[in-house]
Amino acid sequence: MSLELGVNIDHIATLRQARGTIYPNLLDAVTLVEAAGADAITIHLREDRRHIQDADVDAIRKHCQRRLNLELAATDEMVAIACGVMPDDACIVPEKREELTTEGGLDVIGQFDRIQQSTQTLRDAGIRVSLFIEPDVEQIKRVLDVGASVIELHTGTYANATGDAKKYEFERIVGATAFADNLGIQVNAGHGLDYDNTAIIAAIPQIKELNIGHAMIARAVFVGIKQATEEMLAIMEKARL
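Read on for a plain summary of the structure. (Residues numbered from 1 in each chain as written. Predicted model: local features only at pLDDT ≥ 70, side-chain atom pairs only at ≥ 80, totals over all residues. Heavy atoms only, no water.)

A word on the pattern of salt bridges. Using the criterion set out here, one finds 16 salt bridges in the structure. Note that Glu169 and Arg172 form a salt bridge whose closest N and O atoms lie 3.0 Å from each other. Linking Glu169 with Arg172, this pair stays in helix α9 (residues 163-182), spanning 3 residues, or about one helical turn. The salt bridge involving Glu231 is made with Arg219; its shortest N-O contact spans 2.8 Å. Here Glu231, found in helix α12 (residues 225-239), pairs with Arg219, found in helix α11 (residues 214-223); they are 12 residues apart in sequence, far enough to count as distant. Overall, Glu231 belongs to the partly exposed group, its relative accessible area being 22%. One salt-bridge network, held together by shared partners, links Glu4, Arg67, Asp89, Arg128, Lys208 and Glu209. (Salt bridge = Lys/Arg side-chain N within 4 Å of Asp/Glu carboxyl O. Helix = DSSP H or I, 4+ residues; strand = E, 2+ residues; numbered from the N terminus. Buried < 20%, exposed > 50% of the residue type's maximum accessible area, 1.4 Å probe, protein only.)

Here is the structure:
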(Lines give C-alpha, C1' and ligand atoms only; values in the text may rest on other atoms or scores of the structure.)
Protein backbone atom coordinates (compact mmCIF):
# COMPACT_ATOMS: atom_id res chain seq x y z
CA MET A 1 0.00 0.00 0.00
CA SER A 2 1.38 3.41 -0.97
CA LEU A 3 1.85 6.03 1.73
CA GLU A 4 0.49 9.54 1.18
CA LEU A 5 1.40 12.84 2.81
CA GLY A 6 -1.00 15.54 3.92
CA VAL A 7 0.77 18.77 4.82
CA ASN A 8 -0.86 20.85 7.54
CA ILE A 9 -0.27 24.54 6.80
CA ASP A 10 -1.98 25.95 9.91
CA HIS A 11 1.19 27.43 11.33
CA ILE A 12 1.90 29.45 8.23
CA ALA A 13 -1.36 31.16 9.11
CA THR A 14 -0.15 31.43 12.72
CA LEU A 15 2.81 33.50 11.51
CA ARG A 16 0.50 35.73 9.49
CA GLN A 17 -1.92 36.23 12.37
CA ALA A 18 0.92 37.20 14.74
CA ARG A 19 1.12 40.59 13.01
CA GLY A 20 -2.25 40.70 11.30
CA THR A 21 -0.63 40.99 7.89
CA ILE A 22 -1.68 39.54 4.55
CA TYR A 23 1.54 37.52 4.33
CA PRO A 24 2.75 34.83 4.26
CA ASN A 25 0.23 33.91 1.60
CA LEU A 26 -1.32 30.50 2.23
CA LEU A 27 -2.11 29.97 -1.44
CA ASP A 28 1.59 30.29 -2.28
CA ALA A 29 2.24 27.59 0.30
CA VAL A 30 -0.40 25.34 -1.25
CA THR A 31 1.17 25.74 -4.69
CA LEU A 32 4.67 24.91 -3.44
CA VAL A 33 3.58 21.96 -1.29
CA GLU A 34 1.63 20.43 -4.17
CA ALA A 35 4.52 21.02 -6.57
CA ALA A 36 6.78 19.14 -4.16
CA GLY A 37 4.52 16.09 -4.39
CA ALA A 38 2.25 16.23 -1.34
CA ASP A 39 -1.01 14.36 -1.74
CA ALA A 40 -3.24 16.61 0.38
CA ILE A 41 -3.48 19.97 2.09
CA THR A 42 -4.66 19.81 5.70
CA ILE A 43 -6.08 22.79 7.60
CA HIS A 44 -7.88 23.10 10.93
CA LEU A 45 -10.57 25.74 11.24
CA ARG A 46 -10.70 26.16 15.00
CA GLU A 47 -13.64 27.69 16.80
CA ASP A 48 -11.40 30.48 18.14
CA ARG A 49 -9.99 31.17 14.62
CA ARG A 50 -6.46 31.41 16.04
CA HIS A 51 -4.81 30.65 12.70
CA ILE A 52 -6.94 29.51 9.74
CA GLN A 53 -9.79 31.90 8.97
CA ASP A 54 -13.09 31.24 7.21
CA ALA A 55 -11.92 33.09 4.11
CA ASP A 56 -8.80 30.89 4.01
CA VAL A 57 -10.91 27.75 3.83
CA ASP A 58 -12.87 29.08 0.86
CA ALA A 59 -9.75 30.31 -0.94
CA ILE A 60 -7.78 27.10 -0.39
CA ARG A 61 -10.72 24.95 -1.51
CA LYS A 62 -10.78 26.83 -4.82
CA HIS A 63 -7.00 26.90 -5.23
CA CYS A 64 -5.75 23.47 -4.25
CA GLN A 65 -5.38 20.88 -6.99
CA ARG A 66 -5.16 17.83 -4.75
CA ARG A 67 -7.24 16.72 -1.79
CA LEU A 68 -8.32 19.15 0.89
CA ASN A 69 -8.57 17.69 4.38
CA LEU A 70 -10.48 19.98 6.76
CA GLU A 71 -10.07 19.33 10.48
CA LEU A 72 -12.99 20.49 12.58
CA ALA A 73 -14.79 20.07 15.87
CA ALA A 74 -18.11 18.20 15.96
CA THR A 75 -20.23 21.34 16.30
CA ASP A 76 -23.19 22.51 14.25
CA GLU A 77 -21.27 25.60 13.15
CA MET A 78 -18.22 23.71 11.89
CA VAL A 79 -20.21 20.96 10.21
CA ALA A 80 -22.29 23.58 8.38
CA ILE A 81 -19.12 25.34 7.18
CA ALA A 82 -17.70 22.06 5.94
CA CYS A 83 -20.88 21.22 4.07
CA GLY A 84 -20.73 24.62 2.40
CA VAL A 85 -17.05 24.36 1.44
CA MET A 86 -17.10 20.66 0.49
CA PRO A 87 -13.58 19.49 1.33
CA ASP A 88 -12.62 16.05 0.08
CA ASP A 89 -12.16 14.87 3.67
CA ALA A 90 -13.39 16.13 7.01
CA CYS A 91 -11.44 14.97 10.04
CA ILE A 92 -13.37 15.39 13.29
CA VAL A 93 -11.03 16.31 16.12
CA PRO A 94 -11.44 17.17 19.81
CA GLU A 95 -11.00 20.84 20.57
CA LYS A 96 -10.45 22.89 23.73
CA ARG A 97 -10.13 26.67 23.67
CA GLU A 98 -7.17 26.79 26.08
CA GLU A 99 -4.99 24.11 24.45
CA LEU A 100 -1.90 25.01 22.42
CA THR A 101 -2.71 22.33 19.87
CA THR A 102 -5.04 19.34 19.61
CA GLU A 103 -4.42 17.18 22.66
CA GLY A 104 -5.39 13.52 22.46
CA GLY A 105 -8.05 11.80 20.44
CA LEU A 106 -11.83 11.90 20.32
CA ASP A 107 -13.83 10.03 22.92
CA VAL A 108 -15.99 8.20 20.40
CA ILE A 109 -17.60 6.10 23.13
CA GLY A 110 -18.47 8.95 25.48
CA GLN A 111 -19.56 11.40 22.74
CA PHE A 112 -21.08 8.82 20.42
CA ASP A 113 -24.37 10.59 19.63
CA ARG A 114 -22.80 13.95 18.81
CA ILE A 115 -20.04 12.44 16.68
CA GLN A 116 -22.50 10.17 14.88
CA GLN A 117 -24.77 13.10 14.05
CA SER A 118 -21.89 15.18 12.71
CA THR A 119 -20.55 12.25 10.72
CA GLN A 120 -23.92 11.51 9.15
CA THR A 121 -24.46 15.14 8.14
CA LEU A 122 -21.04 15.30 6.51
CA ARG A 123 -21.52 11.97 4.75
CA ASP A 124 -24.92 13.02 3.45
CA ALA A 125 -23.20 16.03 1.87
CA GLY A 126 -20.77 13.71 0.08
CA ILE A 127 -17.75 14.33 2.31
CA ARG A 128 -15.57 11.44 3.49
CA VAL A 129 -15.23 11.50 7.28
CA SER A 130 -12.22 10.66 9.40
CA LEU A 131 -12.08 10.47 13.20
CA PHE A 132 -8.94 11.57 15.06
CA ILE A 133 -8.63 8.98 17.82
CA GLU A 134 -6.19 7.34 20.19
CA PRO A 135 -4.67 3.98 19.17
CA ASP A 136 -7.24 2.28 21.37
CA VAL A 137 -9.10 -0.85 20.28
CA GLU A 138 -12.23 -0.02 22.28
CA GLN A 139 -12.54 3.36 20.54
CA ILE A 140 -11.92 1.80 17.13
CA LYS A 141 -14.72 -0.73 17.72
CA ARG A 142 -17.26 2.13 17.57
CA VAL A 143 -15.93 3.86 14.45
CA LEU A 144 -18.06 1.94 11.95
CA ASP A 145 -21.11 2.38 14.19
CA VAL A 146 -20.58 6.14 13.99
CA GLY A 147 -20.49 5.91 10.22
CA ALA A 148 -16.88 6.89 9.55
CA SER A 149 -14.69 4.95 7.14
CA VAL A 150 -11.33 6.47 8.07
CA ILE A 151 -9.42 7.07 11.31
CA GLU A 152 -6.36 9.17 12.00
CA LEU A 153 -4.41 7.71 14.89
CA HIS A 154 -3.04 10.23 17.36
CA THR A 155 0.74 9.77 17.40
CA GLY A 156 1.49 12.61 19.80
CA THR A 157 1.92 10.43 22.88
CA TYR A 158 4.36 8.23 20.98
CA ALA A 159 6.24 11.28 19.69
CA ASN A 160 6.66 12.74 23.19
CA ALA A 161 7.56 9.49 24.96
CA THR A 162 11.03 8.15 25.71
CA GLY A 163 12.57 4.80 26.54
CA ASP A 164 10.22 1.92 27.33
CA ALA A 165 7.22 4.22 27.16
CA LYS A 166 8.02 5.06 23.55
CA LYS A 167 8.29 1.37 22.68
CA TYR A 168 4.94 0.74 24.37
CA GLU A 169 3.23 3.59 22.51
CA PHE A 170 4.62 2.38 19.20
CA GLU A 171 3.29 -1.12 19.87
CA ARG A 172 -0.14 0.39 20.63
CA ILE A 173 -0.10 2.12 17.25
CA VAL A 174 0.91 -1.09 15.45
CA GLY A 175 -1.82 -3.09 17.19
CA ALA A 176 -4.51 -0.48 16.65
CA THR A 177 -3.56 -0.15 12.98
CA ALA A 178 -3.85 -3.89 12.39
CA PHE A 179 -7.16 -4.08 14.26
CA ALA A 180 -8.71 -1.22 12.28
CA ASP A 181 -7.38 -2.51 8.98
CA ASN A 182 -8.98 -5.90 9.64
CA LEU A 183 -12.32 -4.11 10.07
CA GLY A 184 -11.91 -2.43 6.69
CA ILE A 185 -11.20 1.00 8.18
CA GLN A 186 -8.60 3.17 6.43
CA VAL A 187 -5.86 4.13 8.85
CA ASN A 188 -4.06 7.48 8.73
CA ALA A 189 -1.79 8.85 11.44
CA GLY A 190 -0.46 12.17 12.66
CA HIS A 191 0.50 14.60 15.41
CA GLY A 192 3.98 15.27 16.72
CA LEU A 193 5.68 13.59 13.76
CA ASP A 194 8.98 15.09 12.66
CA TYR A 195 12.09 14.33 10.62
CA ASP A 196 13.46 11.95 13.27
CA ASN A 197 10.44 9.93 14.41
CA THR A 198 8.36 9.61 11.23
CA ALA A 199 10.23 6.75 9.55
CA ILE A 200 9.19 4.05 12.04
CA ILE A 201 5.53 5.08 11.78
CA ALA A 202 5.76 5.32 8.00
CA ALA A 203 7.03 1.75 7.88
CA ILE A 204 3.76 0.35 9.30
CA PRO A 205 2.37 -1.14 6.08
CA GLN A 206 -1.36 -0.66 6.72
CA ILE A 207 -1.10 3.10 7.31
CA LYS A 208 -2.36 4.97 4.26
CA GLU A 209 -1.56 8.62 5.04
CA LEU A 210 0.47 10.76 7.42
CA ASN A 211 -0.62 14.29 8.27
CA ILE A 212 2.32 16.43 9.36
CA GLY A 213 2.49 20.16 10.00
CA HIS A 214 4.46 21.88 12.75
CA ALA A 215 7.79 20.13 12.15
CA MET A 216 7.61 20.79 8.43
CA ILE A 217 6.77 24.47 8.84
CA ALA A 218 9.65 24.79 11.31
CA ARG A 219 11.99 23.15 8.80
CA ALA A 220 10.67 25.43 6.07
CA VAL A 221 11.97 28.47 7.97
CA PHE A 222 15.47 27.33 6.97
CA VAL A 223 15.05 25.51 3.67
CA GLY A 224 11.67 26.59 2.28
CA ILE A 225 8.38 24.71 2.26
CA LYS A 226 9.03 22.94 -1.03
CA GLN A 227 12.28 21.39 0.15
CA ALA A 228 10.79 20.63 3.57
CA THR A 229 8.03 18.69 1.82
CA GLU A 230 10.44 16.86 -0.46
CA GLU A 231 12.60 15.84 2.50
CA MET A 232 9.63 14.40 4.37
CA LEU A 233 8.42 12.53 1.30
CA ALA A 234 11.90 11.04 0.91
CA ILE A 235 11.82 9.77 4.50
CA MET A 236 8.41 8.21 3.94
CA GLU A 237 9.43 6.61 0.65
CA LYS A 238 12.58 5.10 2.17
CA ALA A 239 10.57 3.68 5.07
CA ARG A 240 8.37 1.76 2.62
CA LEU A 241 11.22 0.19 0.63
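This part takes up the nonpolar core. Counting 68 residues, the largest nonpolar core has Leu131, Ile201 and Leu210 as the members making the most contacts within it. Here Ile201 is in contact with Tyr158, Phe170, Ile173, Ala189, Leu193, Ile207 and Leu210, once residues within four sequence places are set aside. (Core = buried A, V, L, I, M, F, W, Y, C linked by side-chain atoms within 4.5 Å. Contact = heavy atoms within 4.5 Å.)

Bringing the packing of aromatic side chains into the picture now. Any two aromatic rings considered together are summarised by their centre-to-centre distance and by the angle between their planes. This model, assessed by the stated rule, comprises 1 aromatic pair. With 6.3 Å between their ring centres and 50 degrees between their planes, Tyr158 and Phe170 make a pair best called tilted. In this pair, Tyr158 sits in helix α8 (residues 156-160) while Phe170 sits in helix α9, placing the two residues 12 residues apart along the sequence. For Lys166, the ring lying beneath its charged end belongs to Tyr158, and the centroid distance is 4.3 Å. (Phe/Tyr/Trp six-rings, centres within 6.5 Å; stacked < 30°, edge-to-face > 60°. Lys NZ or Arg CZ within 6 Å of the ring centre and 35° of its normal.)

What follows is about the sheet that holds strand β8 (residues 207-212). Taken together, 8 strands build a closed barrel; the order of strands is β1-β2-β3-β4-β5-β6-β7-β8 and the barrel is parallel. Neighbour-to-neighbour, the strand axes of the sheet open up by a mean angle of 25 degrees, direction not taken into account. Bridging between strand β4 (residues 89-92) and strand β5 (residues 128-133) involves 4 bridges; their strand directions are parallel. Directly across from Asp89, in β5, lies its bridge partner Arg128. (Pairing = 2+ DSSP bridges. Axes fitted to C-alpha atoms, helices over the stretch in contact; angles between N-to-C directions.)

Further remarks concern the environment of Lys62. As for its placement among the helices and strands, Lys62 is situated in helix α3 (residues 54-63). Lys62 gets classed as exposed once you look at its relative accessible area, which sits at 73%. In sequence terms Lys62 and Ala74 are 12 residues apart; their C-alpha atoms lie 24 Å from each other.

So, about α11. For α11, the set of buried residues is Ala215, Met216, Ile217 and Ala220. Directly after α11, the chain includes Gly224, whose backbone phi takes a positive value near 90 degrees.

This part covers the packing of helix α2 (residues 26-36) against α12. The contact between α2 and α12 brings their axes to 8 Å, and the two run at 35 degrees. Once α2 is placed against α12, the crossing between them reads as right-handed. Mapping the contact onto sequence places Leu32, Val33, Ala35 and Ala36 in α2 and Ile225, Lys226, Thr229, Glu230 and Leu233 in α12. Looking at side-chain class alone, the contact of α2 with α12 contains 6 nonpolar, 1 polar and 2 charged residues. (Left-handed = near helix turned anticlockwise from the far one by under 90°. Nonpolar A, V, L, I, M, F, W, Y, C, P; charged D, E, K, R; others polar.)

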